[in-house]
Amino acid sequence: MRIKKKHQAGAARNFITRTQAVKKLQLSLADFRRICIFKGIYPRAPRSAKKANKGSTAPTTFYYTKDIQYLLHEPVIQKFRDHKIFARKLSRALGRGDVSDAKRLDENRPRYRLDMIVKERYPTFLDAVRDLDDALSMLFLFAAMPASDKVSARVTEDAEKLCNQWMAYVARERLLRKVFVSIKGVYYEAEVKGQEVVWLVPFKFPQYVPTDIDFRIMLTFLEFYTTLLQFVLYRLYADAGIVYPPKIDAAKVQGVGGISAYVMEGKREKESLLQTSTIKKAITESEMASRAQTISTVLNKITDHAAGDAIATPADDDDEEEEVTDTLDKFIALPSTDTVISDIIPQPDETSPEEIVKTLFSPFTFYVGREVPLEIVEFAILSLGGTVVSESVLDGYLHVDTDALPDAEEVDFDARQREVDALLQKVTHQVCDRPALASRVPGRIYVQPQWIFDSLNRGRLVPVDEYAVGATLPPHLSPWGDGAGYDPEGFDKEEEGEESEEEVEEVEGDEEVEGDEEVIEVDEDEEDEALQHQRELESEAKGIIYSSTTSKKRKRADKKLKKSAEEKQAEEEKELRKIMMTNKQKKLYNQMQYGIQKKDTRRETLKTKRRKLEKNKQNKKRVL
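Criteria and thresholds
- Residues numbered from 1 in each chain as written.
- Predicted model: local features only at pLDDT ≥ 70, side-chain atom pairs only at ≥ 80, totals over all residues.
- Heavy atoms only, no water.
- Phe/Tyr/Trp six-rings, centres within 6.5 Å; stacked < 30°, edge-to-face > 60°.
- Helix = DSSP H or I, 4+ residues; strand = E, 2+ residues; numbered from the N terminus.
- Buried < 20%, exposed > 50% of the residue type's maximum accessible area, 1.4 Å probe, protein only.
- Lys NZ or Arg CZ within 6 Å of the ring centre and 35° of its normal.
- Salt bridge = Lys/Arg side-chain N within 4 Å of Asp/Glu carboxyl O.
- Patch = residues over 30% accessible without salt bridge, like charges linked within 9 Å, V, L, I, M, F, W, Y side chains within 5 Å.
- Areas by Shrake-Rupley, 256 points an atom, 1.4 Å probe, with all protein chains shown as cover.
- Lys, Arg positive; Asp, Glu negative; His and termini not counted.
- Charge placed at Lys NZ, Arg CZ, Asp CG, Glu CD.
- Pairing = 2+ DSSP bridges.
- Axes fitted to C-alpha atoms, helices over the stretch in contact; angles between N-to-C directions.
- Expected span 1.5 Å × (residues − 1).
- Contact = heavy atoms within 4.5 Å.
- Core = buried A, V, L, I, M, F, W, Y, C linked by side-chain atoms within 4.5 Å.
- Right-handed = clockwise from strand over helix to strand, strands pointing away.

S.K.: I'd like a description of the packing of aromatic side chains, backed by residues and values.
M.R.: Where two aromatic rings form a pair, the distance of their centres and the angle of their planes describe that pair. Applying the stated criterion across every chain, the model contains 21 aromatic pairs. Where Phe80 meets Tyr112, the ring centres are 5.6 Å apart and the plane angle is 90 degrees; that geometry is what we call edge-to-face. Taken as a pair, Phe80 in helix 6 (residues 75-96) and Tyr112 in the loop between helix 7 (99-107) and helix 8 (115-121) lie far apart in primary sequence, 32 residues in all. By relative accessible area, Phe80 is classed as buried at 4%. Consider the rings of Phe361 and Phe364, whose centres lie 6.2 Å apart with planes at 50 degrees: the pair is tilted. The buried category is assigned to Phe361, whose relative accessible area is 0%. In this structure, Arg235 is placed above the aromatic ring of Phe125, and the distance from its NZ or CZ to the ring centre is 4.6 Å. Across the ring face of Tyr446, the terminal group of Arg440 is positioned such that the distance to the ring centre comes to 5.1 Å.

Structure representation (C-alpha cells):
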C-alpha cells in the first residue's frame, strides 16, 4: 500500500497561490494581471483556505491550477516577453545616443492582437452580445473622461467613436426599449438579436478623476472591451447591410456632432440619422391586388400538390425578380394528409408591442431646445422613428462665420432661411425644459423631455397634460422595477383592493336601508335574550326588516378562528422543520428570513411614505 503524502491531493492540488502562478508563468505581477483579464481568469475562494494553502492560515489569493496550466501556451505571453526585450534595447540605444537605431526599433516594436482571445471566450455571436453590458458601460465612461497624464486623448477619442457607432446602429434599427434617467447617468436597454443589453451613459459634466484608482487595470479592461465591441459592431453592421465603419459628415462633426454626424451607407440607401424620414410609403391598391393574386396562386399550387398533382412552374417565374415590400412575410403551411400532419406555423404579428414602439414617433417631428441635452433626447426620438430638429443645429446653420470660409465660397443666407422655415413648418412637438415660455407657435405641442422617456418605457403615447411646460412632473420610475418588490404603479391597485375588502366586510355586518327601513343589530354576546326578543317585536310592529347580523358575525368569527388555527398549525410545522435542520442549514435559513424581513420592512416604509404624500395632496386640494 502506497503512503499518501500530505497536501498532494484535494484542495491543495486544485488551487494555486498567486505567487506560485507568477513564478510558474515567469511574468511580472502587472503582466500576470493583464493576461488574466484578457483570458477571463479570476481569483477563486476555496472552501477551506487552510487546506488549499497547505496548512497555512495567511491571507492569500488563489487561482485554479488548471487555469494557470492553460495559460502556459498562450501566444500573448510571448509577446509580453518580446516587449520587455524591445524596451531594454530601446533604452540602451537612447542611452548611447543612437537615434537611427532607436527609430528602427520603435518602428518594429512587437504588437499583439486580441482577436483570437475574443473568439475563444465567445464561441458564438450571441455570447458576445450577451456580455456587452460591462463593455459598453466602460467605453461610455472613458468617452466622457477628460484627457490626462493617465488617460490619453487617443483613448477617449477611440472610445467616443465606438460609442457613437453603437448608438447610431441602435437608433437606425430602432432597438431601444427602456430609458431611465438617474443621478449616476442615463440607463438604456436595447434588444439586440433577441438579447437584452443594458448600459449606463454618464452625463456630459466635468468629470472629477480620483487619484486612488489604478487606471492600468481599467485600461486593460478597456483594451479588451474595445476589441470585443469592434467585432460585434462589424457583425451587426454586416447583418443589417450597412457599411462599417460608417462615414462621418465633417460639417456636422464641427457643429453638434454625436450620432447625427454618421452617414449610414447601405446597398440601396445612403442616409444621415438626423434627416431620416421614418414614414413608410403607402401601399397602393394595385400592389394589394398583385399580392392577393400571388397568394391565391400559391394556395392553388399547394392544393394541387396535396392532391398528388405535379406543380407546373411557369417559365417566366424564374425571370421575375422578387418584389421587395415593407410588410412582414406570411408563412403558409402545407395542408395535412393521411400520413403527414402539418405543423401550425406562427405568423409574425405587426401589432406586437415591439413593432408598435418602433414606429411610436413616426408621424412626429420634434424641435429640441438648446437647454435640453440633445444626445439623450435625440437618441430616444430616433429610436422610436421620429424626426429631430435641433435649435443648436439650426443656429449653426444660419449663423456661419464667413471669415473662416474660403474666399471662393459664398453662403446664400436667404436660401438657407427658406429651408429652415420649411423645416420648421413640419414640427409637431417642441421639447423644452424651461419654467415658462415667452411665446408659443400655434399648432405645436409643448412637452418636457420626460414625456419622451415615459412614452418609450410604457410603449404608448402618454397624455401630454402632465408634461406641459412648467407643470409638476409625475415621478420618473425605473422601468426595471424595485429590487425589493415594491411596485409604485401597483400601489393604487393595492389600496383599492384593501378598501373594497373593508367595504365588503362592512356590508356583511350592516344591512342596507331602503326607503324608511332601518337596521337593528343584535349581538347575543352583549345583550340578553329577553332584550333581543323585545327588539324583534318592536321592529315587527314598526314594519322594519330585522337584519340577521348575528349569523353573519358568527360566520366572520368562524372564518377568523379558522384562519388563526391554520396559521398556528403552519407555524408549528415550520418549527418542527427547523428542529430537523442542521446548524449550517439553520444559519442559512435565518439569513434568508432576515433578507426577506428587510425587504418587507422597506416595502412597508415606502408604502407609508406614499400614503402620507397622497394625504398631503388631498389636503392641499381641499384648501384650494
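S.K.: Break down the pattern of salt bridges for me, with residues and values.
M.R.: Counted under the stated rule, the structure contains 18 salt bridges. Note that Asp31 and Arg34 form a salt bridge whose closest N and O atoms lie 4.0 Å from each other. Here the residue Asp31 and the residue Arg34 both occupy positions in helix 3 (residues 29-39), the gap between them amounting to three residues, near one helical turn. Across the pair Arg104 and Asp101 runs a salt bridge whose closest N-O atoms are separated by 2.3 Å. Within this pair, Arg104 and its partner Asp101 are both found in helix 7, separated by three residues, close to a single helical turn. The class of Arg104 is partly exposed, set by a relative accessible area of 45%. Residue Asp101 is classed as buried on the basis of its relative accessible area of 15%.

S.K.: How would you explain unusual backbone geometry if you had to name every residue and give the values?
M.R.: Cis geometry marks the peptide bond from Tyr244 to Pro245; its omega dihedral reads -5 degrees. Turning to its location among the elements, Pro245 is positioned in the loop between helix 12 (215-239) and strand 6 (247-248). For Arg174, which is not glycine, the phi torsion reads 55 degrees and is therefore positive. On the secondary structure map, Arg174 appears in the loop between helix 11 (153-173) and strand 3 (176-181). By relative accessible area, Arg174 is classed as buried at 15%.

S.K.: Please give an account of a negative patch on the surface that cites residues and values.
M.R.: A cluster of acidic side chains, namely Glu566, Glu567, Glu571 and Glu575, defines a negative patch on the protein surface. When you line up the elements, Glu571 lands in helix 22 (residues 549-579).

S.K.: How would you explain the sheet that holds strand 5 (residues 195-201) if you had to name every residue and give the values?
M.R.: What the three strands build is an open sheet, ordered 3-4-5; its pairing is antiparallel. Among the strands making up the open sheet, the edge pair consists of strand 3 and strand 5. Between one strand axis and the next, the sheet turns through 15 degrees on average, direction left out of account.

S.K.: Please provide a residue-by-residue account of helix 11, values included.
M.R.: With 21 residues, helix 11 extends 31 Å from end C-alpha to end C-alpha; this agrees with the ideal 30 Å at 1.5 Å per step. Once helix 11 ends, the next one or two residues include Arg174, with phi positive near 55 degrees.

S.K.: I'd like to hear about the environment of Val179, residue by residue, with values.
M.R.: Tracing the backbone shows Val179 in strand 3. Judged by its relative accessible area of 0%, Val179 is buried. Residues contacting Val179, with those up to four places away along its chain left out, are Val186, Tyr187, Tyr188, Phe453, Leu456, Asn457, His476 and Pro479.

S.K.: Describe the nonpolar core, naming the residues involved and giving the relevant values.
M.R.: Judged by nonpolar contacts, the single largest core of 93 residues is most densely connected at Phe142, Trp166 and Trp199. At eleven residues, the largest contribution of residues to this core is made by helix 12.

S.K.: How would you sum up the sheet that holds strand 11 (residues 429-431)? Please name residues and give values.
M.R.: Strand order in the open sheet made by the four strands is 10-9-11-12, with parallel pairing throughout. The two strands at the open ends of the sheet, each matched to only one other strand, are strand 10 (387-390) and strand 12 (445-447). Taking the axes of each pair of neighbouring strands and ignoring which way they run, one obtains an average angle of 25 degrees across the sheet. Of the strand pairs in this sheet, strand 11 and strand 12 are connected by three bridges, and their pairing is parallel. Bridge assignment links Gln430 to a residue of strand 12, and that residue is Tyr446. The sheet strands contacting helix 16 (residues 374-383) are strand 9 (365-368) and strand 10, and the helix crosses strand 10 at an angle near 155 degrees.

S.K.: I'd like to hear about the pairing of strand 10, residue by residue, with values.
M.R.: Alternating residues of strand 10 divide into Thr387 and Val389 and Val388 and Ser390, and every residue in both groups is buried. Relative to strand 10, strand 9 runs parallel, the two sharing four bridges. Note on strand 10: the bridge partner recorded for Phe366 is Val388. Tracing the backbone out of strand 9, into helix 16 and back to the parallel element strand 10 gives a crossover that is right-handed.

S.K.: Give a detailed account of a nonpolar patch on the surface, specifying residues and quantitative values.
M.R.: A contiguous nonpolar surface patch, about 380 Å² in accessible area, is contributed by Leu576, Ile579 and Met580. For Ile579, the position within the fold is in helix 22. What makes Ile579 exposed here is its relative accessible area of 59%.

Fair warning: the whole summary comes from geometry, so function is off the table for now.
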